[in-house]
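# Notes for the structure review
So you can see what is in the structure, the chains are spelled out below.
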Amino acid sequence: MGRLTALSLKRKGYQVSLFDKDEKNAKQSAAYAAAGLLTPLGESQHAEPNIVAMGFESLKLWPSLLETLEQYHFFQQEGAIMVSHEQDQGDYQRFYRFVKQHFPQHQIQQLNRQQLLELEPELGRSFYHGLFLPDEGQIGNRKLLVALEWQLHKEGVEWFDSTEVTAITPTSSGCSITHERGCQAFDLVVDCRGLGAQFNGKNERVKPIQGLRGVRGEIFQLLAPDVHITRPIRLMHPRYQLYIAPKGKGFYVVGATEIESEDASPMTVRSALELLSAAYSVHPGFAEANIRQHLSQLRPAFDDNQPKIQVSDSLIQVNGLYRHGFLIAPVVLKQIEKVVMTQLEPTCPDLLHCYDEHLPIRFN
């Protein structure tokens, strides 16, 4: 959100400085350790209806947003497929009934084995049925981070990388930011630090956002030349939903784990066994895959797992995107733009009525 916001506001004519505690490759960020799934219905059992609505709206917004980037990016909207093993039919049927009842306006299609073979031939080897969600998609999260880095430099955003902000202090005319290189004053600050908004570098609370917590997630990046799956796949399971996101050239991101813990240590043996065993059960070709990377990161989330934009004078705090960051980012960005214009341009028409009803915005 920080990169998207900085680029958007720069294009609107504002002078923008971007502070990032990470390096510009963003390898320590939650955005880097993600799959980039844009699957609102796939998330619907574990998300509130407003998240699903924001997800579908963002799917419409992503293409035009990406068209403004000059570097290579990856966006796919060719649907996603839900599958289950025979012993987990109950979870599959419950999901189907849930979607039909709560989201009847969105298309879903039950697939028999022949239809599954036609859509994803290699899935038909292991499954006799599936559920096709034709509007779902995915984005190349790491390619997007690289493209944004290049675009921010080209368009002249002042970028302080490897610079951790340790305090944001309201002043009579704006906000000051304290970091390891000194202190600077700004008319307005948009705080998109995720869990960094909890603590400063000395682990002391600095204007903390109440109720913010970290939720651990884990992924594998695999190179599997013997697997030829073209769409995101979700495997229904009694304890979790495994997802497999094909990223092209034989690369796949595999994930599922969601652990209520702020432990950012390396992946456990149990998680690794569960993820890799489940991937192998979807396609035996994963047995010979190369493990290129395994990552653990913490997603910022509030107690109700809802994103929030909180406004207090010259400070706008954007946080709590949880596991839906890429899914809802374009909608969140549009709301940030409206809040910034309301704060910095008091002579412009009142934009509050234009805010998206699905996104909680709080004025203090």
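The present account deals with the structure reproduced in this document. This one's a predicted model, so the numbers in the text were calculated from it and none came from an experiment.

## Quick word on the sheet that holds strand E10 (residues 174-179)
Strand order in the open sheet made by the three strands is E9-E10-E11, with antiparallel pairing throughout. Two strands in the sheet have a free side with no partner beyond their single neighbour: strand E9 (165-171) and strand E11 (182-186). Ignoring which end each strand starts from, the neighbouring axes of this sheet average 20° apart. Bridge count between E9 and E10: six bridges; the pairing is antiparallel. Note on E10: the bridge partner recorded for Pro170 is Cys175.

## Side note on the nonpolar core
Grouped together as the largest cluster of nonpolar side chains are 54 residues, with contacts concentrated most on Leu41, Trp62, Leu131, Leu144, Ile309 and Ile316. Only helix H1 (2-11), helix H2 (49-66), helix H3 (89-102), strand E6 (129-133), helix H5 (141-154), strand E18 (308-312), strand E19 (315-319) and helix H7 (325-344) provide two or more residues apiece to this core. In terms of residues, this core owes the most to one element, H7, which gives ten residues. Those residues in contact with Leu144, other than ones at most four positions away along the chain, are Trp62, Leu66, Leu69, Ile139 and Phe326. Among the nonpolar cores identified, the runner-up in size contains 28 residues, and Leu111, Ile233, Tyr240 and Leu275 belong to it.

## Considering the sheet that holds strand E2 (residues 37-38)
Taken in spatial order, the three strands make up an open sheet running E2-E7-E3, and their pairing is antiparallel. Of all the strands in the sheet, the pair left with one neighbour each is E2 and strand E3 (75-76). In the sheet, E2 pairs with strand E7 (residues 137-139) via two bridges, with the strands oriented antiparallel. Following the sheet pairing, Leu37 is matched in E7 by Gln138.

## Quick look at the pattern of salt bridges
Evaluated as defined, the whole model comprises 13 salt bridges. Measuring nitrogen to oxygen at the nearest pair gives 3.1 Å for the salt bridge that ties Glu120 to Arg231. In this pair, Glu120 sits in the loop between helix H4 (113-119) and E6 while Arg231 sits in the loop between strand E13 (213-223) and strand E14 (233-235), placing the two residues 111 residues apart along the sequence. In this structure, Glu120 and Arg231 share a single accessibility class: buried.

## Digging into the packing of aromatic side chains
One pass over the full model with this rule turns up four aromatic pairs. Ring geometry for Phe19 and Phe160: centres 4.7 Å apart, planes at 10°, overall stacked. One end of the pair, Phe19, is in strand E1 (residues 17-19); the other, Phe160, is in strand E8 (residues 158-160), with 141 residues separating them in the sequence. Each member of the pair Phe19 and Phe160 is classed as buried. Where Tyr252 meets Phe286, the ring centres are 5.4 Å apart and the plane angle is 85°; that geometry is what we call edge-to-face. With Tyr252 in strand E16 (residues 251-259) and Phe286 in the loop between helix H6 (269-282) and strand E17 (290-301), this residue pair connects regions lying 34 residues apart in the sequence. A relative accessible area of 8% places Phe286 in the buried class. Through a chain of ring-to-ring contacts, the aromatic side chains of Phe19, Phe160 and Phe186 assemble into a single cluster. A cation over a ring is seen here: Arg142 above Tyr32, with NZ or CZ 3.8 Å from the ring centre.

## Considerations on the environment of Leu344
Assignment of secondary structure puts Leu344 in helix H7. As a C-alpha pair, Leu344 and Tyr14 span 330 residues in sequence and 9.9 Å in three-dimensional space. Those residues in contact with Leu344 that lie beyond four places of it in its chain are Tyr14, Asp187 and Leu188.

Conventions adopted
- Residues numbered from 1 in each chain as written.
- Predicted model: local features only at pLDDT ≥ 70, side-chain atom pairs only at ≥ 80, totals over all residues.
- Heavy atoms only, no water.
- Pairing = 2+ DSSP bridges.
- Helix = DSSP H or I, 4+ residues; strand = E, 2+ residues; numbered from the N terminus.
- Axes fitted to C-alpha atoms, helices over the stretch in contact; angles between N-to-C directions.
- Core = buried A, V, L, I, M, F, W, Y, C linked by side-chain atoms within 4.5 Å.
- Buried < 20%, exposed > 50% of the residue type's maximum accessible area, 1.4 Å probe, protein only.
- Contact = heavy atoms within 4.5 Å.
- Salt bridge = Lys/Arg side-chain N within 4 Å of Asp/Glu carboxyl O.
- Phe/Tyr/Trp six-rings, centres within 6.5 Å; stacked < 30°, edge-to-face > 60°.
- Lys NZ or Arg CZ within 6 Å of the ring centre and 35° of its normal.

What is shown is where atoms sit, not what they do.
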